[in-house]
Amino acid sequence: MTVTVGDIGEFGLIGRIAQEAFTAPDEALGFQDDAALWRQGDGWLIATTDALVEDVDFRLNTFSWEDIGWKALAANLSDIAAMGGVPRGAFVTLCLPAGIEAADVLAFYKGMAPLAQEAQTPILGGDLSSSEQIVVSITVLGEVESRERVLRRATARVGDQIAVTGVLGNAAAGLALLEGGGNENQDYAARYIAAQRRPIPRLREGQALLEAGVRCGMDISDGLAADLQKLCTASGVRAEIILERIPTDPDLPLVFGDSHRLHAMSGGEDFELLFVAPPDTMQRAQDHLREKALEQVTVIGTIVAGQRGAVTVRDERGNVVPLSHEGFDHFGAAGIPLAGA
């Protein structure tokens, strides 16, 4: 029987590729985390690569070229933030139809420039190629202090608390507005559309979490439910979260109604940080980010023993909450079922 990538999904495919092709030495880490980590001389380097494809990740009728440049770099910087790393440089590959105006290409780089400057991540080079649609692929290089002082997905332990930075669901609301699911002229619309077009990678927050002693985390790019599954799978544990504890913007019900927290769980592209830590470390992390005036930290659940990779969502009364949608998968596979789904 033929098995397609649609059958096994993006992360099932990654797992199979890892089994066949991943031959990194013991001093390197790779497929399970947001970025690769390896020793270089006396230091530890990290690298990530991510692509944005026209009509999959953006549409030219809802994104400006400046927006595309910003978001493409932000998505990669978020992977560096997810490891607690410091970015050092980026390489940009841009594949374009020949009919694209040169001014649009320059606008793409103009949109990227302020984020690159703010993150102290110079554009070091890249490549240009022709294609039938616009494809952007960026590689960002960075560094961490050591193999032990890094955020990884595989280090969650039973009894750890689960937390996120910031609020979730704004990017999903922005996408809904851009795709015609709401009134873009409302006061809250600009905030949500900005979250979709120009997300902020949490670089300082990731580094602050490391300083506080946190060692397990990732970013939220495919949705809280899907990304928490990945973390639990890597760590061999199960998670339980309380729906009402998921932090959301006060106006989010104006876009999604009473189901706004369910949309916040599955919408993706928030690029906030998801992390777990023992209660004393979690308290230290909350205090540390507050002292630095960084994004707030909200504890939403607990790591428990049980089916590897399973995530149970409950309401405040302890009832299991059914989820109809778990998050984004490039090939549309359902992934690991959530309890109640």
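All values derive from a computational prediction rather than experimental measurement. (Residues numbered from 1 in each chain as written. Predicted model: local features only at pLDDT ≥ 70, side-chain atom pairs only at ≥ 80, totals over all residues. Heavy atoms only, no water.)

### A look at the overall build of the protein chain
Keep this limit in mind: Secondary structure is summarised from DSSP: a helix means a run of H or I of at least four residues, a strand means a run of E of at least two, and numbering begins at the N terminus for each. Under the scheme applied here, a residue whose accessible area is under 20% of the maximum for its type counts as buried, over 50% as exposed, and between as partly exposed, the area being computed with a 1.4 Å probe on protein chains only. Residues are treated as being in contact if the distance between any of their heavy atoms lies within 4.5 Å. Shrake-Rupley sampling with a 1.4 Å probe provides the accessible areas, and residues are treated as covered by the protein chains on show and by no other component.
In terms of regular secondary structure, the protein chain is built from ten helices and twelve strands. Across the 341 residues in the protein chain, those meeting the buried criterion constitute 49%. The long-range fraction of contacts in the protein chain, counting pairs at least 24 apart against all pairs at least 6 apart in sequence, stands at 80%. Put simply, the protein chain shows about 15500 Å² of open surface, and 50% of that area lies on carbon and sulfur atoms.

### So, the environment of Gly-84
Tracing the backbone through its elements, the reader meets Gly-84 in the loop between helix H2 (65-82) and strand S4 (86-96). The buried category is assigned to Gly-84, whose relative accessible area is 6%. It is 5.8 Å that separates the C-alpha atoms of Gly-84 and Leu-151, two residues lying 67 residues apart in sequence. Once residues within four sequence positions are removed from consideration, Gly-84 is found in contact with Val-144, Leu-151, Gly-206, Gln-207 and Leu-210.

### Structural notes on the layout of surface pockets
Note the following rule: In this analysis the probe radius is 1.4 Å and the grid spacing 1 Å, with only protein atoms considered; a cavity is a set of points the probe fits into but cannot get out of, a pocket is an open set with protein on both sides within 12 Å along at least five of seven lines, and lining residues have an atom within 4 Å of a point. Grid points are joined across faces, edges and corners, and a volume is the space filled by probe spheres set on the points. When residues are sorted by character, Ala, Val, Leu, Ile, Met, Phe, Trp, Tyr, Cys and Pro go into the nonpolar class, Asp, Glu, Lys and Arg into the charged class, and all the rest, Gly among them, into the polar class.
Counted as a void, the second largest pocket has a volume near 320 Å³. Lining the second largest pocket are 15 residues; nearest its centre among them are Glu-118, Ala-119, Pro-201, Leu-203 and Arg-204. Mapped by element, the contributors of at least two residues to the lining of the second largest pocket are S4, helix H3 (102-118) and helix H6 (203-211). Among the elements that take part in the lining of the second largest pocket, H6 stands out by supplying four residues, more than any other. A per-class count over the lining of the second largest pocket returns nine nonpolar, two polar and four charged.

### Observations regarding helix H5 (residues 189-197)
Using the following cut-off: An arc is given here, and it is the one of the directions from the helix axis to the C-beta atoms.
When H5 is considered as a whole, its buried residues turn out to be Ala-189, Tyr-192, Ile-193 and Gln-196. Taken down its axis, H5 places every buried residue within 95 degrees of arc, on the same side. Next to the buried residues of H5 lie H2, helix H4 (170-178) and helix H8 (253-256).

### Side note on the packing of H4 against H5
Put simply, the test is: Structural elements are reduced to axes, namely lines fitted to C-alpha atoms, with helices fitted over the stretch in contact, and the angle between N-to-C directions of any two is expressed from 0 to 180 degrees. Oblique is the label for any angle not covered by the other classes, which are roughly parallel (under 35 degrees), roughly antiparallel (over 145) and roughly perpendicular (65 to 115).
It is the contact of H4 with H5, at a shortest axis distance of 7 Å, that shows an interaxial angle of 105 degrees. When the axes of H4 and H5 are compared, the pair comes out roughly perpendicular. Contacts from Asn-170, Ala-171, Ala-173, Gly-174, Leu-175, Leu-177 and Leu-178 in H4 reach Ala-189, Tyr-192, Ile-193, Ala-195, Gln-196 and Arg-197 in H5. The class makeup of the residues in the contact of H4 with H5 is nine nonpolar, three polar and one charged.

### A word on the pairing of strand S6 (residues 135-144)
Definition in use: Paired strands, in this sense, are two strands between which DSSP finds at least two bridges.
Every second residue of S6 is oriented toward a common face, the buried set being Val-136, Ile-138, Val-140, Gly-142 and Val-144 and the non-buried set Val-135, Ser-137, Thr-139, Leu-141 and Glu-143. Across ten bridges, strand S3 (residues 43-53) lies against S6 in antiparallel orientation. By the bridge assignment for S6, Thr-48 is matched with Val-140.

### Topic: the state of the cysteines
Here is the rule: Disulfide: a pair of cysteine sulfur atoms within 2.5 Å of each other.
Counted by the stated rule, this structure contains zero disulfides. In this structure Cys-232 is a free cysteine whose sulfur lies 8.5 Å from that of Cys-216, the closest cysteine sulfur available.

### Here we look at the sheet that holds strand S11 (residues 297-304)
Strands sit in the order S8-S10-S7-S11-S9-S12 across an open sheet of six strands; the sheet is mixed. At either end of the open sheet lies a strand with only one pairing partner, and these are strand S8 (216-219) and strand S12 (311-314). Ignoring strand direction, the axes of neighbouring strands in this sheet form an average angle of 25 degrees. Where S8 and strand S10 (residues 273-277) come together, four bridges link them in antiparallel fashion. The residue bridging Cys-216 from the neighbouring strand is Val-276, located in S10. Sitting on the sheet, helix H7 (residues 224-235) is in contact with strand S7 (161-165), S8, strand S9 (238-242), S10, S11 and S12, with an inclination near 145 degrees to S8.

### Section: H3
Here is the rule: Each helix should span, by expectation, one fewer than its residue count multiplied by 1.5 Å.
Compared with an ideal rise of 1.5 Å per residue, which puts 17 residues at 24 Å, H3 spans 25 Å between its outermost C-alpha atoms and is within 8% of the ideal. Where H3 is concerned, the buried positions are Val-105, Ala-107, Phe-108, Gly-111, Met-112, Leu-115 and Ala-116. Buried residues along H3 sit against H2, S4, strand S5 (123-130) and S6. Phi for Gln-120, located one or two positions after H3, is positive at around 55 degrees.

### Points about the pattern of salt bridges
Inclusion rule: One side-chain nitrogen of Lys or Arg within 4 Å of one carboxyl oxygen of Asp or Glu is enough to make a salt bridge.
Applying the stated criterion across every chain yields a total of 18 salt bridges. With a shortest N-O distance of 2.8 Å, Asp-67 and Arg-198 are connected by a salt bridge. Remark: Arg-198 occurs in the loop between H5 and H6 and Asp-67 occurs in helix H2; sequence separation between them is 131 residues. On the accessibility criterion, Arg-198 (30% relative accessible area) is partly exposed. Among the ionic pairs, Glu-211 bridges to Lys-292, the shortest N-O distance being 3.8 Å. On the criterion of sequence distance, the pair formed by Glu-211 in helix H6 and Lys-292 in the loop between helix H10 (279-291) and S11 is long-range, its members being 81 residues apart. For Glu-211, a relative accessible area of 43% translates into the label partly exposed. Through salt bridges with shared partners, one network takes in Asp-55, Arg-59 and Glu-179.

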